[in-house]
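Remarks on the overall topology
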Amino acid sequence: MIRFSKIFLGVTIVLVLLWQLPWCYNFLTVRPASVPFTLYSGLAGDFISVARQRSGTVERTDRAGNVYTQEQADSLLPFFYVRQLMSDERFPDTLMGVPVTPREVQLTNFTFRASAQDINACLPGLYPLLESMSGRVDLEMPDDVFRFTSEGIEFIDMKANSRKDGKSRLFTQTLANKGFCFPATCVAGNPTTRKEYDEGYLLLDAEGKLFHMKQMRGRPYVKVVELPDGVRPCHLFVTEFRSRQTRGLFTDKNHRLYVVAADYRIVPTGVDAYNPETDDLLIIGNMMDWTVNVRTSQSSDYYALRADDYSLIGRMSYPVGQGGLPGLHFTSSADKFVFPRL
């Protein structure tokens, strides 16, 4: 018994050392992120990077090495600094030959984020379907949730924990009439009331076909989204931007990024290397262009896209330092489970 206790104690000490020593080393040797905040400027025709120096000063430069003051950077990035320019009474009447107003800029500005940790999380399989045409300004959460089975779609009353047969049959029949093959293999939406409107869900059926589903005045709205030849979506994202110019984004098996336009056209973008399962995505867009940041374990890649056809304007990349000393971990961005892993 004493021998077993010593062995158990020794194994425990080894595991604790494998866990804590790398953590302590990484904690003591960690350095501030070296990737500066970067946006594409259509006025400068280049990326503008904002980096804090070790001296505490902030340096704003483009790829040619030109240095800008804060006021110059505000003017070169008018969509991002619109409030500051309005406060200074310096917001221009036209930008790149196009008449604009601050309201138009604020209406078309958006920020979109997607993290690999959220993509890899264990999903409950139950989704609330908000009313898209309630006639009210504020959205409300429903009293039921839905799930997909091999037989159809089921709506469940959360309070009574019972199935809503009538609603389930109605939505199942509507989806089936549109050619939906059950069950759904991907369900993407933004189930929250903290948004201005609801676009429902983008769905992939068992055959890989793309659908859009939402609820309008208690009735199902289902639209088949025609895909170009050879394009098979893998990961879907619903975009509920104020401008309502897009309905969603998706990636295909080759990790290319596509836009689902408001008229359901599928438009390929200039982003050709984004894997939602391993990379983080940030898009800061305006009425002229989008700055897309794809952060991988090796680099932080920036793409500048035109806002009308999403074609590539330019790209740049920053190397990302590798992580510290490897060791024993209990969590990972690849999932949300807790268990030992090296």
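Here is a short report on the structure shown in this document. (Residues numbered from 1 in each chain as written. Predicted model: local features only at pLDDT ≥ 70, side-chain atom pairs only at ≥ 80, totals over all residues. Heavy atoms only, no water.)

In spatial order, the strands read β8-β9-β10; together these 3 strands make up an open sheet with antiparallel pairing. With partners counted over all chains shown, the strands left at the sheet margins are β8 (144-148) and β10 (162-163), one partner each. When β8 meets strand β9 (residues 153-157), the two strands line up antiparallel, connected through 5 bridges. Counted as the bridge partner of Arg147 is Glu154 from β9. Relative to the sheet, helix α6 (residues 165-177) contacts β8, β9 and β10, its axis offset from that of β9 by approximately 155°. (Pairing = 2+ DSSP bridges. Helix = DSSP H or I, 4+ residues; strand = E, 2+ residues; numbered from the N terminus. Contact = heavy atoms within 4.5 Å. Axes fitted to C-alpha atoms, helices over the stretch in contact; angles between N-to-C directions.)

What follows concerns the sheet that holds strand β3 (residues 58-62). The 4 strands lie next to each other as β1-β2-β3-β4, forming an open sheet whose pairing is antiparallel. One side of each edge strand has no neighbouring strand; the edge strands of this open sheet are β1 (37-41) and β4 (67-68). Of the strand pairs in this sheet, strand β2 (residues 46-52) and β3 are connected by 5 bridges, and their pairing is antiparallel. Bridge assignment links Val50 to a residue of β3, and that residue is Arg60.

On to the environment of Thr269, then. Relative to the helices and strands, Thr269 is located in the loop between β18 (266-268) and β19 (280-285). The exposure class assigned to Thr269 is buried, which follows from its relative accessible area of 2%. For the pair Thr269 and Leu249, spaced 20 residues apart in the sequence, the C-alpha separation amounts to 9.9 Å. Within polar-contact distance, the side chain of Thr269 engages the backbone nitrogen of Val271 at 3.2 Å. (Buried < 20%, exposed > 50% of the residue type's maximum accessible area, 1.4 Å probe, protein only. Polar contact = N/O pair within 3.5 Å; in protein donor to acceptor, adjacent residues only side chain to side chain.)

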